[in-house]
Each structure stands twice: as structure tokens, then as C-alpha cells.
Amino acid sequence: QILRILLTLFSLALFGAGLLQRLEEKNTEGPFDFHTMLYFVVITISTVGYGDIVPESPAGRVIVCALLAFFFISIPVQTNELFRLMGMQSVYARKTYKSQLEIPHIIITGCVDVRSLEGLLFSLHAERPAGAQDPN
């Protein structure tokens, strides 16, 4: 989902820059190159808007309004979807296990019946002579 948001931003900026460059070819200040229009689109989408580059044609202004409308609708929708997916993920799935040598533990898996559990507990708590090793 994060990749989808980034690709939307990137493709929107490239598409808008190319379209505005084509529409503003007959600008009174001279034709803008692609990099200048990409700069304009990024600055406009980020809502900074320095005002150093302005589309002069009516079609260019309409395209800028359409790009902003598309951006302000699609990005929040995609971000909400990302948050929804993150909320569905288990809290425990995000945690990682960190081994601590001073805290021994046992993991019991599979089909465990009472008799096998009693045997395990007996073997853990059976009295052994000091320094004796577990035979298993």
C-alpha cells in the first residue's frame, strides 16, 4: 500500500509535468522545460506554491486544478486504506522475540495430553544431585 501511494505521487507528478509542458509551450516567458514543470507540479502539490512559475493558458490552469483535486482525493483514500490494513494486523505479529538467557522457558507445541504434561513437569522438578546433567 505504501508503494501504491508513492507510485501514485510519482506518476501524478510526471503526468502533470508533461501535460503542463505541452500546454504551456506558447508561454510569453518562453517554453518551460520538463524539469521546470516537474518542479512546478511538486511545489503546487505540496501546497507551498512559491509563485515563480504560473501557467498562463486557461487549459494549463484547469489541468492544475484537476491535478490538485485528484491528489487531494486519491492520496487520503489510499492512506486510509493503509491505516485500515495496519489496524487489521495483529499486535503480536509486529513484535519480535528477543532471547534472554537468564529467563529459561519451554515452548510446548502439538497435541499435549495430561499424561505427557505430567511427565514433563515431573522431569523438570525432579530432584537431582548437585551438578548432575539432564540425560536428555
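All values reported here derive from a predicted model rather than from experimental measurement.

Caption draft 1: Geometry of the overall build of the chain. Along the chain, the regular secondary structure elements total four helices and zero strands. If you list the helices and strands of the chain from N to C, you get α-α-α-α. Among the 136 residues that make up the chain, the fraction classed as buried is 21%. Look at the contacts in the chain between residues 6 or more apart in sequence, and 59% of them connect residues 24 or more apart.

Caption draft 2: Here's a closer look at the nonpolar core. Counting residues in each nonpolar core, the largest one holds 17 residues, and the members touching the most others are Leu12, Leu20, Met37, Phe40, Val41, Ile45 and Phe71. Of all the secondary-structure elements, those providing two or more residues to this core are α1 (2-23), α2 (34-45) and α3 (58-88). The dominant element in this core, judged by the number of residues it contributes, is α3, at six residues. Beyond its immediate chain neighbours, meaning those up to four positions away, leucine 20 contacts Met37, Phe40, Val41, Gly60, Ile63 and Val64.

Caption draft 3: Local environment of α3. Counted at 1.5 Å a residue, the expected span for α3 with its 31 residues is 45 Å, and the 46 Å between its end C-alpha atoms agrees. Of all the positions in α3, only Gly60, Ile63, Val64, Leu67, Phe71, Ser74, Ile75, Gln78 and Leu82 are classed as buried. Here the buried face of α3 lies against α1 and α2.

Caption draft 4: Structural view of α2. Here α2 contains 12 residues, and its C-alpha end-to-end distance of 16 Å stays within 8% of the 16 Å for a straight helix at 1.5 Å per residue. For α2, the complete set of buried residues consists of Met37, Phe40, Val41, Ile43, Thr44 and Ile45. Looking at the buried side of α2, the elements it contacts are α1 and α3. Where α2 terminates, the next one or two residues include threonine 47, which has phi positive at roughly 60°.

Caption draft 5: Focus on the packing of α1 against α3. Between α1 and α3, the least distance of the axes is 10 Å, while the angle of their chain directions is 180°. By the criterion of interaxial angle, the relationship of α1 to α3 is roughly antiparallel. Within the contact between the two elements, α1 uses Ile2, Arg4, Ile5, Thr8, Leu9, Leu12, Gly16, Leu19, Leu20 and Leu23 and α3 uses Ala59, Gly60, Ile63, Val64, Leu67, Phe70, Phe71, Ser74, Ile75, Gln78, Thr79 and Leu82. Broken down by class, the residue content of the contact of α1 with α3 amounts to 15 nonpolar, six polar and one charged.

Caption draft 6: Broad picture of the pattern of salt bridges. In the structure shown here, the tally under the stated rule is two salt bridges. The partner of arginine 22 in a salt bridge is glutamate 25, and the shortest N-O contact between them spans 3.0 Å. The salt bridge involving arginine 84 is made with glutamate 81; its shortest N-O contact spans 2.7 Å. With arginine 84 and glutamate 81 both in helix α3 and three residues apart, this pair spans about one turn of that helix. Residue classification places arginine 84 among the partly exposed positions, given a relative accessible area of 43%. A residue is classified by how much of its surface remains accessible, and glutamate 81, at 27% relative accessible area, is partly exposed.

Caption draft 7: Structural context of the packing of aromatic side chains. Across all of its chains, the model carries one aromatic pair by this definition. When the centroid spacing of 5.1 Å and the interplanar angle of 70° are considered together, the rings of phenylalanine 71 and phenylalanine 72 count as edge-to-face. Relative accessible area serves as the criterion here: at 44%, phenylalanine 72 is assigned to the partly exposed category.

Conventions and cut-offs
Residues numbered from 1 in each chain as written. Predicted model: local features only at pLDDT ≥ 70, side-chain atom pairs only at ≥ 80, totals over all residues. Heavy atoms only, no water. Helix = DSSP H or I, 4+ residues; strand = E, 2+ residues; numbered from the N terminus. Buried < 20%, exposed > 50% of the residue type's maximum accessible area, 1.4 Å probe, protein only. Contact = heavy atoms within 4.5 Å. Core = buried A, V, L, I, M, F, W, Y, C linked by side-chain atoms within 4.5 Å. Expected span 1.5 Å × (residues − 1). Axes fitted to C-alpha atoms, helices over the stretch in contact; angles between N-to-C directions. Parallel < 35°, antiparallel > 145°, perpendicular 65-115°, else oblique. Nonpolar A, V, L, I, M, F, W, Y, C, P; charged D, E, K, R; others polar. Salt bridge = Lys/Arg side-chain N within 4 Å of Asp/Glu carboxyl O. Phe/Tyr/Trp six-rings, centres within 6.5 Å; stacked < 30°, edge-to-face > 60°.

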